[in-house]
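Geometric and topological summary
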Amino acid sequence: MRIGELARRTGVSERSLRYYEKQGLMDAERTPGGHREYAGGAVDRVIRIQELFAAGLCSEKIAELLPCMRDSDGGPSRIAGGRLVADLTVERDRINRMIADLIRSREVLDEVIDAASAPAE
């Protein structure tokens, strides 16, 4: 499929798809005319990349993890092993720290809102 069709099917811009290719996150064959041609599994690959970006992973980490994951369901591939588990555990711990920081920030905001909303005595 061509880049425009992949963009339409995934909701990801053509620019992002070119970026993914440049970062080594996905591959495309070239037609004799120089157009990108993506395999049928590219839709699942783009969805997986989007999920990993949404989880806060950088493109370098995603490039390391993708070979260990199946695109169709995100499960581990045959080559996945302890490395995938270790890397994902580190990322999960980082996300948990970010969530804790956000909760603390929300609590501070709640206190300020409550104080500002209290009737003057």
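Residues numbered from 1 in each chain as written. Predicted model: local features only at pLDDT ≥ 70, side-chain atom pairs only at ≥ 80, totals over all residues. Heavy atoms only, no water.

Named according to an unreviewed UniProt entry, the protein is MerR family transcriptional regulator originating from Streptomyces botrytidirepellens.

A few words now on helix α2 (residues 14-22). Within the span of α2, buried status applies to L17, Y20 and E21. Across the axial projection of α2, the buried residues extend over an arc of 100°, all falling on one side. Of the exposed residues in α2, the ones pointing more than 90 degrees away from its buried face are R15 and K22. Looking at the buried positions of α2, the neighbouring elements they touch are α1 (3-10), β1 (29-30), β2 (36-37) and α3 (42-54). Directly after α2, the chain includes G24, whose backbone phi takes a positive value near 80°. (Buried < 20%, exposed > 50% of the residue type's maximum accessible area, 1.4 Å probe, protein only. Helix = DSSP H or I, 4+ residues; strand = E, 2+ residues; numbered from the N terminus. Arc of directions from axis to C-beta. Contact = heavy atoms within 4.5 Å.)

Overall, the coordinates contain two aromatic pairs when judged by the stated rule. Chaining the aromatic ring pairs together yields one cluster made of Y19, Y20 and F53. (Phe/Tyr/Trp six-rings, centres within 6.5 Å; stacked < 30°, edge-to-face > 60°.)

Grouped together as the largest cluster of nonpolar side chains are 23 residues, with contacts concentrated most on L6, L17, Y20, M26 and Y38. Those elements that provide at least two residues to this core are α1, α2, α3 and α4 (59-65). Ignoring any residue separated from it by four or fewer positions in sequence, one finds Y20 in contact with V12, L25, M26, V46, I49, Q50 and F53. (Core = buried A, V, L, I, M, F, W, Y, C linked by side-chain atoms within 4.5 Å.)

This paragraph deals with the packing of α1 against α2. With their axes 9 Å apart at the nearest point, α1 and α2 run at an angle of 105° to one another. Looking at the two axes, α1 sits roughly perpendicular to α2. When α1 is examined against α2, the residues I3, G4, L6 and A7 are found in contact with a partner set consisting of E14, L17 and R18. (Axes fitted to C-alpha atoms, helices over the stretch in contact; angles between N-to-C directions. Parallel < 35°, antiparallel > 145°, perpendicular 65-115°, else oblique.)

Tracing the backbone shows Y20 in helix α2. We classify Y20 as buried; its relative accessible area is 4%. Separated by 29 residues in the primary sequence, Y20 and I49 place their C-alpha atoms 8.4 Å from one another.

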